[in-house]
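# Coordinate inspection notes
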Amino acid sequence: QVQLVESGGGLVQPGGSLRLSCSASGFTFRPYAWSWYRQAPGKERELVAAITSTGGSTNYADSVKGRFTISRDNAKRTVCLQMNSLKPEDTAVYYCRASLGAMDYWGKGTLVTVSS
């Protein structure tokens, strides 16, 4: 059974940091490209960061460049999103996604709230 489980969300003050993790099971981890999306209340889901199957290339939404870092650990079957200098506008449910051709898996999300 395919499972993607996000963790690490929570409440943080503006300027703070959080590290999100996504643990995968039920499929072969290594060949998949991974990405993090987020969806704020009343808004569409948007791509935040992505990393290729080899980990050799990453890309980020302009709004998070220089603040967020995506990484993957094939041995641990985990993808992480390090989020620094958080802003209130980063508040959203964050989802991880694994994709390989027609294969497309999503986690259920973890809530990040940035507020004082």
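Before reading on, note that the structure itself is shown above.
Scope of this entry: the structure provided in the associated data block.

What counts, and where the lines are drawn
Residues numbered from 1 in each chain as written. Predicted model: local features only at pLDDT ≥ 70, side-chain atom pairs only at ≥ 80, totals over all residues. Heavy atoms only, no water. Buried < 20%, exposed > 50% of the residue type's maximum accessible area, 1.4 Å probe, protein only. Helix = DSSP H or I, 4+ residues; strand = E, 2+ residues; numbered from the N terminus. Pairing = 2+ DSSP bridges. Axes fitted to C-alpha atoms, helices over the stretch in contact; angles between N-to-C directions. Salt bridge = Lys/Arg side-chain N within 4 Å of Asp/Glu carboxyl O.

What follows is about the pairing of strand 8 (residues 78-83). With five of six residues buried, strand 8 lies mostly within the body of the structure. Where strand 3 (residues 18-25) and strand 8 come together, six bridges link them in antiparallel fashion. Across the sheet, Arg 19 pairs through a bridge with Gln 82, a residue of strand 8. One ladder, built from six bridges, connects strand 7 (residues 68-73) with strand 8; its direction is antiparallel. Bridge assignment links Arg 72 to a residue of strand 8, and that residue is Val 79. The turn joining strand 7 and strand 8, which pair antiparallel and follow one another in sequence, is formed by four residues; a positive phi near 55 degrees is taken by Arg 77.

On to the sheet that holds strand 1 (residues 3-7), then. Spatially, four strands are ordered 1-3-8-7 in an open sheet, and the strand pairing comes out antiparallel. Only two strands of the sheet have a single neighbouring strand rather than two, namely strand 1 and strand 7. Adjacent strand axes in the sheet meet at a mean angle of 15 degrees, parallel and antiparallel pairs treated alike.

With that settled, consider the pattern of salt bridges. For the structure on display, the rule yields five salt bridges. Close ionic contact of Arg 38 with Asp 90 constitutes a salt bridge, the shortest N to O distance being 2.9 Å. Residue Arg 38 is located in strand 4 (residues 33-39), and its partner Asp 90 is located in the loop between strand 8 and strand 9 (92-100); the two are separated by 52 residues in the primary sequence. Judged by its relative accessible area of 1%, Asp 90 is buried. One salt bridge connects Arg 97 with Asp 104, and the closest N-O pair in it is separated by 2.6 Å. Asp 104 sits in the partly exposed class, given a relative accessible area of 35%. Here the salt bridges share partners, and the residues they tie into one network are Arg 38, Glu 46, Arg 67 and Asp 90.

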